[in-house]
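What the coordinates show
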Amino acid sequence: MSDMPSEIPSPDASAAPRPGGRSSDRAGFRAGPGSPPVEWVVAGGLVPYAEAVAAMEAHAALIAAGEAPERVWLVEHPPLYTAGTSARAGDLRAPRFPVHGTGRGGQYTYHGPGQRVAYTMLDLNRRRPDVRAFVAALEAWVIGTLARLNVRGERRDDRVGVWVARPDKPAGLDGSPAEDKIAAIGIRLKRWVSFHGISVNVEPDLSHFAGIVPCGIAEAHYGVTSLVDLGHPVSLPEFDALLRAAFEEVFGATVDGATELAAASAVAGGTGERNR
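The sections below set out a description of the structure shown in this document.

A word on the overall build of the protein. Tallying secondary structure elements over the protein gives 5 helices and 12 strands in all. In the protein, which comprises 276 residues, the proportion classed as buried is 55%. Intrachain contacts of the protein at a sequence separation of at least 6 include 75% that bridge at least 24 residues. When the accessible area of the protein is evaluated, it comes to approximately 10,800 Å², of which 53% is carbon and sulfur surface.

Right, dumping it as structure tokens:
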């Protein structure tokens, strides 16, 4: 994932982006007084990608219609690559895993075991209809989670996602310091309801990223890392608890939701995977 426009495509015509910088007031993305808490749902096992997309898109449509609560859905996927709306064919180096087209912003990325994907279905009409500020709030969420593990995550104006400095690695040819990406962000909006979301590398097999140019960033001093790679082993349940606490600081209260894929898939009805 590279610059902001390729990372975050314009929403539907009814929801064109409004002006806004990437700095974000954390309180700016809490829902208004009296709004219900966000459902917090954790899927068990590896979730098939097509089923996850169908359930996520169907639930986002119900939120837009006022028929369902906002939801954060935590999943793990089997190994796969996704191609965002700005993906370049040459960035798929070795398609050793299934490749899925996707309607979210960005380029190629990897999902697999040990990576926490958080599909974030929020109604920005209740919060703040500002795409760039929303992305900054997602970054603040990830950065706050990492801080609880004494990991310093940082945002970059020219590179969406969350990065960590790697002084132990060689600098770039121009002297730029080495940095690794630990979390990716790719969203889509319809009627100001978000879907897709964030992915954080907890303990994935980092060699799986070699099949792509992750997020279109090919410079050798910009790599990919994980919490385990940085010397912070943590289980997914432990990480999820930190992720939830940091989410509530930025977006407000949560409540436990259904725990099984079947419960989320039920809202999908007969919906199949679209070009995600």
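The discussion continues.
A separate point is the sheet that holds strand E5 (residues 108-111). The mixed open sheet is built from 3 strands, whose spatial order is E4-E3-E5. What marks the edges here is a single partner per strand, and that holds for strand E4 (99-101) and E5. For this sheet, the mean angle separating the axes of adjacent strands, direction not counted, is 30°. Strand direction decides the pairing type here: strand E3 (residues 80-83) and E4, joined by 3 bridges, are parallel. The partner of Thr82 across the bridge, within E4, is His100.

Position of Ala31 relative to the elements: it lies in the loop between helix H1 (4-7) and strand E1 (38-46). Note: C-alpha distance between Ala31 and Asp123 (92 residues apart in sequence) is 8.6 Å.

Turning to the nonpolar core, a few remarks are in order. Core analysis: the largest hydrophobic core is formed by 42 residues, its most contacted members being Trp141, Ile198, Leu227 and Phe251. When residues of this core are traced back to their parent elements, those giving at least two are E1, strand E2 (71-76), helix H3 (131-147), strand E8 (159-165), strand E9 (179-190), strand E10 (193-201) and helix H4 (236-251). Ignoring anything within four residues of it in the chain, the contact list for Ile198 reads Arg116, Val117, Ala118, Leu138, Trp141, Val142, Ala184, Ile185 and Leu243. By size, the runner-up hydrophobic cluster in this structure holds 19 residues, among which are Val53, Ile63, Val117 and Phe195.

Quick look at H3 now. Given a rise of 1.5 Å per residue, 17 residues ought to cover 24 Å, and the 24 Å separating the end C-alpha atoms of H3 matches this to within 8%. Of all 17 residues making up H3, 15 are buried, and the element is well covered by its neighbours. Where H3 begins, the side chain of Asp130 points an oxygen toward the backbone nitrogen of Arg132, at a separation of 3.3 Å.

Going through the model one piece at a time under the given rule, you end up with 15 salt bridges. One salt bridge in this structure joins Arg127 and Glu70, with 2.9 Å as the shortest N-O distance. With Arg127 in the loop between strand E6 (115-121) and H3 and Glu70 in the loop between helix H2 (49-64) and E2, this residue pair connects regions lying 57 residues apart in the sequence. Judged by relative accessible area, Arg127 falls into the buried class, the value being 11%. On the accessibility criterion, Glu70 (1% relative accessible area) is buried.

Rules and cut-offs
Residues numbered from 1 in each chain as written. Predicted model: local features only at pLDDT ≥ 70, side-chain atom pairs only at ≥ 80, totals over all residues. Heavy atoms only, no water. Helix = DSSP H or I, 4+ residues; strand = E, 2+ residues; numbered from the N terminus. Buried < 20%, exposed > 50% of the residue type's maximum accessible area, 1.4 Å probe, protein only. Contact = heavy atoms within 4.5 Å. Areas by Shrake-Rupley, 256 points an atom, 1.4 Å probe, with all protein chains shown as cover. Pairing = 2+ DSSP bridges. Axes fitted to C-alpha atoms, helices over the stretch in contact; angles between N-to-C directions. Core = buried A, V, L, I, M, F, W, Y, C linked by side-chain atoms within 4.5 Å. Expected span 1.5 Å × (residues − 1). Polar contact = N/O pair within 3.5 Å; in protein donor to acceptor, adjacent residues only side chain to side chain. Salt bridge = Lys/Arg side-chain N within 4 Å of Asp/Glu carboxyl O.

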